[in-house]
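Residues per chain, in single letters:
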Amino acid sequence: MATIVPSVSWPGACWTLLVCCLLTPGAQGQEFLLRVEPQNPVFPAGGSLLVNCSTDCPSSKKIILETSLSKELVDNGTGWAAFQLSNVTGNSRILCSGYCNGSQITGFSDITVYSLPERVELAPLPSWQPVGQNLTLRCQVEGGSPRTSLTVVLLRREEELSRQPAVGEPAEVTATVPTSRKDHGAHFSCRTELDMKPQGLGVFWNTSAPRQLRTFALPVTPPRLVAPRFLEVEKSWPVDCILDGLFPASEARVYLALGDQMLNVTVMNHGDMLTATATATARADQEGAREIVCIVILGGERLEARENLTVFSFLGPILNLSEPSAPEGSTVTVSCMAGARVQVTLDGVAAAAPGQPAQLQLNATESDDGRSFFCSATLEVDGEFLYRNSSVQLRVLYGPKIDRATCPQHLKWKDKTRHVLQCQARGNPYPQLRCLKEGSNREVPVGIPFFVNVTHNGTYQCQASSSRGKYTLLVVMDIEAPNSPSVPVVLAVLVIVGVVTVVVALMYVFREHKRSGRYHVRQESTSLPLTSMQPTEAMGEEPSRAE
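This section reports on the structure supplied with the text. (Residues numbered from 1 in each chain as written. Predicted model: local features only at pLDDT ≥ 70, side-chain atom pairs only at ≥ 80, totals over all residues. Heavy atoms only, no water.)

Topic: the overall build of the protein
Here is step 1: The number of helices and strands found in the protein is two helices and 44 strands.
Here is step 2: Sequence separation of 24 or more characterises 60% of the internal contacts of the protein that already satisfy a separation of 6 or more.
Here is step 3: Carbon and sulfur atoms form 52% of the exposed surface of the protein, whose accessible area is close to 31,800 Å². (Helix = DSSP H or I, 4+ residues; strand = E, 2+ residues; numbered from the N terminus. Contact = heavy atoms within 4.5 Å. Areas by Shrake-Rupley, 256 points an atom, 1.4 Å probe, with all protein chains shown as cover.)

See below:
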């Protein structure tokens, strides 16, 4: 009998199987077989394989191996031979043959080689894919065997989209899938699966490099551009460009321009809304009709908004005084001017034509001090009228004055009372006002309450002074002393004297009554003195009356 001792190395580039055959003579006429080991082997392409051919026939002396593969005799003996096959790249059938008792005997084995694909590549995806449109995925596979066990799988992230067998060389597998917003930023790939489980092995995977998809959605309406109709040279104005329904808004590019002048843009996103803001400043060389443009670019597509704008220059009005501080009596010229095409009006008087100045002259008087002059300017821009105003105030220099109507020249006050000297001065520059008593230079306050006494009697010089001169007004103060009684005081003294006299008379009557015991008051008399009563009158008798 024969004993087979295998020796296997896996994985690697070489399968080794050693077969030792111990031959025992058989009976005459017995049929012998030629065995090939390993039988129907499976291993990676490019490897080497040790093949043993053996038989139990005792007369078999030479065994050969027939194959198109590169082979080398490793060793042989009676009834067996071992061969080394190298660089096995494809499936093949090997045949062992020999002679036994003059007859040819053969044996064969099918070699199955497997290999992973040399290239698995997902075709490039579109730079941007519109949301809602179908996306075609295409995967190419080169190499890989056996093809009957090779499958191509298309993936979105880890989600399986399609599974198809690899057919052809190179094999190309396609699948069409709808896209949505959720697919923005998703990775797509393709994977090959070589299923060698029926051969006792596993499943071998080979995956392509992933490709990232970017999806986008644009609104059907254009951007909304908020810009001024007019823009003055060297003046700035904000410009806004707003677009809603944009996905993904954060990846959109926005451009704002005034004519050929690109503006610095600040972009803010809130959900699907995009707001771009810039500041437009017009140059002098841009005067005239211009256009503000907003361009939004996403997914290789662009949306635009345009607005007309007129750049204008509005100089003035410039209002001047020939002498801002004019002496009283001098001639002052007031002029107002503006730029070309501007109509000016000075204090209600219009200039002869647009672009011409307006003027007026006056002799400066005290009443002109603080007078304001007004100039208005009107410019027509693209059918609209623009207005500007300017004003200037004239300062007239005149000497000091004291208003006699507000400063009484004769004052009559009582002693030890509180009063205010009401005097006011005017002038430009504003004068200083002082009131000094003649002969003593005693000063009394002006416009401030003060306590008056007899020492304030006298004449005062109230003087207003400034750099333009002096003005003096005399004021007399008459203070009534306390030793000059008035009529009511005299009357009060007389009343008191009369009362005292009556009291003294009554005291005298009472004293006489005590002395006589009775008294009588004459009814017809309305004045004193009182008279004593007689005894007969006291007893109720009528007194005698002289005829």
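Regarding the sheet that holds strand E26 (residues 288–298)
Sheet strands line up and pair through hydrogen bonds in the backbone, either parallel or antiparallel.
Here is step 1: Spatially, five strands are ordered E20-E27-E26-E22-E23 in an open sheet, and the strand pairing comes out mixed. The sheet is open, and its two edges are formed by strand E20 (230–232) and strand E23 (261–262), each paired on a single side.
Here is step 2: The pairing of strand E22 (residues 253–258) with E23 spans two bridges and is classified as antiparallel. Looking at E23, one finds that Ala 257 is bridged to Met 262. (Pairing = 2+ DSSP bridges.)

Here we look at the environment of Leu 243
Here is step 1: Of note, Leu 243 is situated in strand E21 (residues 236–243).
Here is step 2: The buried category is assigned to Leu 243, whose relative accessible area is 1%.
Here is step 3: Sequence separation of Leu 243 and Leu 225 is 18 residues, and the distance between their C-alpha atoms is 8.9 Å.
Here is step 4: Beyond its immediate stretch of four places on either side in the chain, Leu 243 contacts Pro 219, Thr 221, Pro 222, Pro 223, Asp 272, Met 273, Leu 274, Val 296 and Leu 303. (Buried < 20%, exposed > 50% of the residue type's maximum accessible area, 1.4 Å probe, protein only.)

Examining the pattern of salt bridges
Here is step 1: Applying the stated rule across the entire model yields 27 salt bridges.
Here is step 2: Notably, a salt bridge pairs Glu 172 with Arg 138, separated by 3.4 Å at the nearest N-O pair. Here Glu 172 is found in strand E14 (residues 171–178), whereas its partner Arg 138 is found in strand E11 (residues 134–145), with 34 residues between them in sequence.
Here is step 3: With relative accessibility at 34%, the residue Arg 138 sits in the partly exposed group.
Here is step 4: Among the ionic pairs, Asp 368 bridges to Arg 371, the shortest N-O distance being 3.6 Å. (Salt bridge = Lys/Arg side-chain N within 4 Å of Asp/Glu carboxyl O.)

Some details on the side chain of Ser 97
Here is step 1: With respect to the element layout, Ser 97 can be found in strand E8 (residues 92–100).
Here is step 2: With residues up to four places along the chain from it excluded, the contact list for Ser 97 reads Leu 34, Lys 62, Ile 63, Ile 64, Glu 66, Gln 104, Ile 105 and Thr 106.

Here's the deal with the sheet that holds strand E41 (residues 443–444)
Here is step 1: Read from one edge to the other, the open sheet built from five strands follows the order E37-E44-E43-E40-E41, with strand pairing classed as mixed. Two strands lie at the open edges of the sheet, namely strand E37 (410–414) and E41, each paired on one side alone.
Here is step 2: Relative to strand E43 (residues 458–466), strand E40 (residues 432–437) is paired through six bridges, and the arrangement is antiparallel. Its bridge partner being in E43, Gln 432 is matched across the sheet by Ser 465.

As for the packing of aromatic side chains
The description of two aromatic rings rests on the distance between their centres and on the angle between their planes.
Here is step 1: Counted according to the given criterion, the structure contains three aromatic pairs.
Here is step 2: Between Tyr 114 and Phe 204, the aromatic rings sit 5.2 Å apart at their centres with planes inclined by 20°, giving stacked as the arrangement. Of the two residues, Tyr 114 sits in strand E9 (residues 103–122) while Phe 204 sits in strand E16 (residues 203–207), which places them 90 residues apart along the sequence.
Here is step 3: Seen from their ring centres, Trp 128 and Phe 216 are 6.0 Å apart, and the 90° between their planes marks the pair as edge-to-face. Here Phe 216 lies in strand E18 (residues 215–216) and Trp 128 lies in the loop between E9 and strand E10 (129–130), a separation of 88 residues in the sequence. As far as the burial class goes, Trp 128 and Phe 216 line up, both buried.
Here is step 4: When the ring centre of Phe 314 is taken as origin, the NZ or CZ atom of Arg 388, which lies over that ring, is 4.5 Å away. (Phe/Tyr/Trp six-rings, centres within 6.5 Å; stacked < 30°, edge-to-face > 60°. Lys NZ or Arg CZ within 6 Å of the ring centre and 35° of its normal.)

Side note on the environment of Tyr 387
Here is step 1: Following the sequence through the fold, Tyr 387 ends up in strand E35 (residues 384–393).
Here is step 2: As a C-alpha pair, Tyr 387 and Val 344 span 43 residues in sequence and 9.9 Å in three-dimensional space.
Here is step 3: Among all residues touching Tyr 387, those that are not within four sequence positions of it are Phe 314, Ala 377 and Thr 378.

Looking at unusual backbone geometry
Here is step 1: Geometrically, the link from Glu 169 to Pro 170 is a cis peptide bond, its omega value of -5° lying close to zero.
Here is step 2: A cis amide bond links Phe 247 with the next residue in sequence, Pro 248, at an omega value of -15°.
Here is step 3: Looking at the element boundaries, Pro 248 is found in the loop between E21 and E22.
Here is step 4: Phi is positive for Glu 234, which is not a glycine, with a value near 70°.
Here is step 5: Position of Glu 234 among the secondary structure elements: in the loop between E20 and E21.
Here is step 6: Given the relative accessible area of 57%, Glu 234 is considered exposed.
Here is step 7: Residue Arg 341 is not a glycine yet carries a positive backbone phi of 70°.
Here is step 8: Note that Arg 341 resides in the loop between strand E30 (331–337) and strand E31 (343–346).

Description of the pairing of E30
Within a regular beta strand, the side chains point alternately toward one face of the sheet and then the other, so they alternate between its two faces.
Here is step 1: Examined bridge by bridge, strand E28 (residues 318–321) and E30 share four bridges and lie antiparallel to one another. Residue pairing in the sheet places Ile 318 in a bridge with Met 337 of E30.

Brief notes about the nonpolar core
Nonpolar side chains tend to gather and get buried jointly when the protein is soluble and globular.
Here is step 1: Counting residues in hydrophobic clusters, the biggest one holds 28 residues, and the most contacted among them are Leu 225, Leu 246, Leu 256, Leu 258, Cys 294 and Val 296.
Here is step 2: Breaking this core down by element, the ones donating at least two residues are E21, E22, strand E25 (273–281), E26 and strand E27 (301–312).
Here is step 3: Not counting the four nearest positions on each side in its chain, Leu 256 is found in contact with Leu 225, Val 239, Cys 241, Gln 261, Met 262, Leu 263, Val 265, Ala 276, Thr 277, Ala 278, Val 293 and Cys 294.
Here is step 4: Counting 24 residues, the second-largest nonpolar core is a separate cluster that includes Ala 338, Leu 379, Val 381 and Val 396. (Core = buried A, V, L, I, M, F, W, Y, C linked by side-chain atoms within 4.5 Å.)

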